[in-house]
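Residue-level structural notes
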Amino acid sequence: MDDMDHRIVTALRACGTDPRVADAARALSWAGEHGALWLVAGLAGAAVDGERRGAWLRGTALTAGAHLVSMGVKRVVRRPRPAHVEPLVRTTGRHSFPSSHATSAAAAAVAFGALGARPIPPLAAAMCLARVVAGVHYPSDVAAGAALGALTARLGTRWMRGDARG
């Protein structure tokens, strides 16, 4: 698995030699730092969709919670970031597994997607890919983060929608 992870990072990081791809990867990485893009999206949803404000706010809380869980897992696992490629972005931490960007992105895709926010899932997928293109995560980091985020949001969907039984 590690050999495959290394080869995929090398191949996708090479895509980042195109300035347009590099700029997109940097922008997505910056926007997703600490789940910021997704938290803003959730708060914006709450602001414009008064009828479902509570659901948007609970979805935002699920997204933030998933991000915090990923940070905790990262501190336990302590997998180093890819060292064999030059990263396109600076990171706030040294550890790679799971990708917190992918965790919050997938949580937002599931939570806000359940509320009909159609642009969120493709944007979340782009963010996940951008972290490998940027050379700061292995594909397995992103896959694990996405699974963690999606599971967290999926488990909280009933609560998010205000179902008292959830």
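Everything below is about the structure printed above this text.
Residues numbered from 1 in each chain as written. Predicted model: local features only at pLDDT ≥ 70, side-chain atom pairs only at ≥ 80, totals over all residues. Heavy atoms only, no water.

1. Here's the deal with the nonpolar core
Counting residues in each nonpolar core, the largest one holds 35 residues, and the members touching the most others are Trp-38, Trp-56, Leu-88, Ala-105, Phe-112 and Ile-120. Every element with two or more residues in this core is listed here: helix H2 (19-31), helix H3 (36-48), helix H4 (53-77), helix H5 (100-113), helix H6 (120-133) and helix H7 (139-155). Look past the residues within four positions of Trp-56 in its chain and what remains in contact with it is Ala-41, Gly-42, Gly-45, Ala-46, Asp-49, Phe-112, Leu-115 and Ala-117. (Core = buried A, V, L, I, M, F, W, Y, C linked by side-chain atoms within 4.5 Å. Buried < 20%, exposed > 50% of the residue type's maximum accessible area, 1.4 Å probe, protein only. Helix = DSSP H or I, 4+ residues; strand = E, 2+ residues; numbered from the N terminus. Contact = heavy atoms within 4.5 Å.)

2. Considering the packing of H4 against H7
A packed helix pair is summarised by two numbers, namely the angle formed by the two axes and the spacing between the axes. For the pair H4 and H7, interaxial distance at closest approach is 9 Å and the crossing angle is 140°. With respect to H7, the element H4 is oriented oblique. When the axes of H4 and H7 are compared, the crossing they make is right-handed. Counting all contacts with H4, which are made through Leu-62, Ala-66, Val-69 and Ser-70, the residues of H7 involved are Leu-148, Gly-149, Thr-152 and Ala-153. Across the contact of H4 with H7, the residue classes break down as five nonpolar, three polar and no charged. (Axes fitted to C-alpha atoms, helices over the stretch in contact; angles between N-to-C directions. Parallel < 35°, antiparallel > 145°, perpendicular 65-115°, else oblique. Left-handed = near helix turned anticlockwise from the far one by under 90°. Nonpolar A, V, L, I, M, F, W, Y, C, P; charged D, E, K, R; others polar.)

3. Points about the pattern of salt bridges
The full count for this structure, using the stated rule, is seven salt bridges. In this structure, the salt-bridge partner of Arg-79 is Asp-5, at a minimum N-O distance of 3.1 Å. Here Arg-79 is found in the loop between H4 and H5, whereas its partner Asp-5 is found in helix H1 (residues 2-15), with 74 residues between them in sequence. Two residues, Arg-20 and Asp-18, come together in a salt bridge whose shortest N-O distance is 2.8 Å. (Salt bridge = Lys/Arg side-chain N within 4 Å of Asp/Glu carboxyl O.)

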